[in-house]
Amino acid sequence: MIRFFCQRTLPYTNPAVHCRINYRTSCSQRGFSSQAVQLAQQCSGHAESPTPDFDSHTYAAMLQDCVRNGDSAAGTGLHCEIVKRGGCLDLFASNILLNMYVKTGLVSDANKLFEEMPQRNTISFVSLMQGLSESQRFPEALDLFLRLHREGHELNPFVFTTILKLLVRMGWAEMGWNLHGCIYKLGHDSDAFVGSALIDAYTVCGCVDIARHVFEGIVFKDIVSWTGIVACYAENGCFEEALEVFCQMRTMGFKPNNFTFTSVLKACLGLGSLNAGKSIHAYVLKSHYEEDQFVGLVLLDLYTKSENTTDAFRVFEEMPKSDVVSWSFMIARYAQKDRCEEALDLFLQMRRALISPNQFTCASVLQACATMKQLVLGKQIHCHITKVGLDLNVFVSNALMDVYAKCGKIENSMELFIQSPDKNDVTWNTMIVGYAQLGDGNKALSLFLSMLRFQFPATEVTYSSALRACASVEALNVFDMMRKTNCKPNKLTFVGVLSACSNAGLLEQGQAYFNSMTQDYEIELCMEHYTCMIGLLGRLGHLNKAVKLIEEMPFKPSVMVWRALLGACVSHNNVELGKLSAQRVLEMEPHDDATHVLLSNLYANAKRWNNVAFVRKSMKKKGVKKEPGLSWIENQGMVHYFTVGDTSHPDMKLISGMLEWLNMKTWRAGFVPDCSAVLRQVENDEKERLLWLHSERLALAFGLIRTPSRSQIRIIKNLRICVDCHAAMKFVSKIVKRDILVRDMNRFHHFQDGICSCGDC
DNA sequence: ATAGGGTTAG
């Protein structure tokens, strides 16, 4: 055991010493600081045993051993022993002692020692600056540089490399410019270390040409300087040049290392050249750098970006499995690519490998949870991150807010939003979009307004999401506000503007915005813009104009475009055009059940029962099945599922009674059933009866019977809510004075006192 | 003699 003889840090003292043992030749060269420790222990532990005195050089050698082994305990112990014996250290030995404190991370001790030293030289300053810089104490490090200069110590290349690195770390790389002149005048720019540090500073500033100039001026270029210039090109988008320099380097006989490979692979990634990447990968394998985590990560990036999953996994398998970064990266990629199940699976594997997730991992897994509406896993991760304090990370808390919002628990999101210590634009966006998806345009809009009131800098994305969040007319107001700022409307902004016009049926304005996109804003028209316009024209019954616009499109209309037209044809009973649109959709997606159903609805509205039967038959032939409607509701930790006409629920008698009562009450309140939702050739009475058996109404009835009064009733449906059920829910919410929330395939419907948040659109 | 340079995911 190491014994501490006195307090860890001691004042610097200066008595005389004698040397008895040449410690350096006895054990220092074997490189064991334990020898130093033993010696120190021996001397102090047994007062009666002979205690040799050492000279400054011997202490220096012992301390140097501690540095080599990173042994702070031995080093500190030795310092104590030196002081106890009244030993004296010369400048050389004190510098090593100082460096011992710096290298073992005891920067405050180093600082104290530095101040107590009777003399200092450039080396003392550089050592301490390095330590302060490593431990992020930037202002102190910078002060030290000024002091060095003021006290007239030599400005050697070591000073400049250290100060340049410090500036880059502080984010003040531009200050490198000021130093460059001084460096040049002193002739230090030919030094490989100073040159590399300069190249790095210029890389950060984006000054590629000057970096190249510095590189050319380095007299003895080594692998680090070569890597520096490759990295400079790769980081600044000059990917071809990066590869070129890399080849040049090889012809000069330099062997790339893991740093070099990382940079050159980034260049391949930037070029999008899988082939170049693969040949570098082969070189990586030949040089045995495949286990390097940095190299591995860029390779993962390269292969996952080009959808090359097999190779990506091969690389992943070769990387050290203890590395949380590679796991998180893979999980993030899957989550971004909407392969959420794989993301979650990988997360579970990672947990099994006993690797604890960090903020990156949590943010990515939560993203996957949000997409999959995995509330349960989301809550588990919430517990974990609260326990380890990751909830303070803005990315994590944003992702968590999104999970709750997407799962319909917006109050939880709001709670996190309020607690969130440093909000960014994504934080606000998440809430705004969250309320918008819930159908609560007013809350979304007021949140957006308070964001402006707090003078939180709104970005294009914020304006765009606020605009898409609220109901039509307000959206156009938001757009006006945006035009008064420096934020430039983008593609997404106009998707919001146009869909607002579409929702409100504002044809003239919609058309004006549509035209101004190319004329005034130089925004390329994309499929979504056309889809909105076709929806707008179709909604107002201008079916021919919609067709004309489709013909004018500069690219092949997507399925969405034809679906929009088909929808318009269904509501305006245009059978021929509807048939054509459905055909177009089915050419691209022959097994799309929704289109078959819409087409059959179209025929049913026109009472063309033969055609209805034909569509049904062709669905059967192709094996296309309409996804059965399913609604579910949670109560006391149990989930209750209902299908249309379902009689299997144990509470069925009560549910039927409730439905009967609702039927009567809504009828008395003036509710007129819309039988168009029943596409069967039966009498109207029968149609009305069938409507009351829809899955969402069964779930509603159950909710009214079993959930606590005044609580919100939450129903989830896998398809879109039917028109008649939507109307009925509005009446019911008023009659029973309950909040009803229906999450259907598309959006939330929040029924309150006879009104739905979706504005019936 | 002792001090110095280049790479991780939203």
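The structure this text deals with has already been given above.
Predicted model, so just to flag it, every value in this text is computed and none were measured.

J.: How would you summarise the pairing of strand E4 (residues 740–743) if you had to cite specific residues and measurements?
T.: The two faces of E4 match: Ile740 and Val742 on one face and Leu741 and Arg743 on the other face are all buried. With four bridges joining them, strand E3 (residues 713–717) and E4 adopt parallel strand pairing. Bridge pairing links Ile715 to Val742 in E4. Pairing analysis gives four bridges linking E4 to strand E5 (residues 748–752), with the strands arranged antiparallel. Residue Ile740 lies in a different strand from E5, and its bridge partner there is Phe751. The turn joining E4 and E5, which pair antiparallel and follow one another in sequence, is formed by four residues.

J.: Run through helix H35 (residues 593–605), naming residues and quoting values.
T.: The α-helix winds at 3.6 residues per turn, so residues separated by three or four positions along the chain end up facing the same way. Here H35 is 13 residues long and its end C-alpha atoms lie 18 Å apart, about the 18 Å a rise of 1.5 Å per residue gives. Every buried residue belonging to H35 is among Thr595, His596, Leu599, Ser600, Asn601, Leu602, Tyr603 and Ala604, and all of these are buried. Its buried side turned inward, H35 meets helix H33 (559–571), helix H34 (575–588) and helix H36 (609–622). Note on H35: the residue one or two positions beyond its end, Lys607, has a positive phi of about 55°.

J.: Describe in detail the protein's contact with DNA strand B, supporting the description with residues and values.
T.: In the vicinity of DNA strand B, 44 residues are found, and the nearest of them are Phe92, Asn156, Ser196, Asp222 and Val325. In the environment of DNA strand B, a base nitrogen lies 3.0 Å from a nitrogen or oxygen atom belonging to the side chain of Asn257. Between Lys266 and DNA strand B, the recorded distance is 2.8 Å, taken from a side-chain N or O atom to a phosphate oxygen. Along the lines of polarity and charge, the residues of the surface near DNA strand B split into 18 nonpolar, 20 polar and six charged.

J.: Outline the layout of surface pockets, supporting the account with residue identities and numerical values.
T.: Roughly 1,200 Å³ of internal volume is contained in the second largest pocket. Around the second largest pocket sit 36 residues that line it, and Lys165, Ser196, Asp200, Val224 and Phe259 are the ones nearest its centre. Split by residue class, the lining of the second largest pocket holds 17 nonpolar, 11 polar and eight charged.

J.: How would you sum up the packing of helix H31 (residues 527–539) against H33? Please name residues and give values.
T.: Where H31 meets H33, the axes come as close as 9 Å, and the angle between the chain directions of the two elements is 10°. What the angle tells us is that H31 and H33 run roughly parallel. When H31 is examined against H33, the residues Met527, Thr531, Ile534, Gly535, Gly538 and Arg539 are found in contact with a partner set consisting of Met560, Val561, Ala564, Leu565 and Ala568. Partitioning the contact of H31 with H33 into residue classes produces seven nonpolar, three polar and one charged.

What counts as what
- Residues numbered from 1 in each chain as written.
- Chains lettered and ligands numbered in written order.
- Predicted model: local features only at pLDDT ≥ 70, side-chain atom pairs only at ≥ 80, totals over all residues.
- Heavy atoms only, no water.
- Buried < 20%, exposed > 50% of the residue type's maximum accessible area, 1.4 Å probe, protein only.
- Helix = DSSP H or I, 4+ residues; strand = E, 2+ residues; numbered from the N terminus.
- Pairing = 2+ DSSP bridges.
- Expected span 1.5 Å × (residues − 1).
- Contact = heavy atoms within 4.5 Å.
- Near = heavy atom within 4 Å.
- Polar contact = N/O pair within 3.5 Å; in protein donor to acceptor, adjacent residues only side chain to side chain.
- Nonpolar A, V, L, I, M, F, W, Y, C, P; charged D, E, K, R; others polar.
- 1 Å grid on protein atoms, 1.4 Å probe; cavity = no way out; pocket = protein on both sides within 12 Å on 5 of 7 lines; lining within 4 Å.
- Points joined across faces, edges and corners; volume = space filled by probe spheres on them.
- Axes fitted to C-alpha atoms, helices over the stretch in contact; angles between N-to-C directions.
- Parallel < 35°, antiparallel > 145°, perpendicular 65-115°, else oblique.

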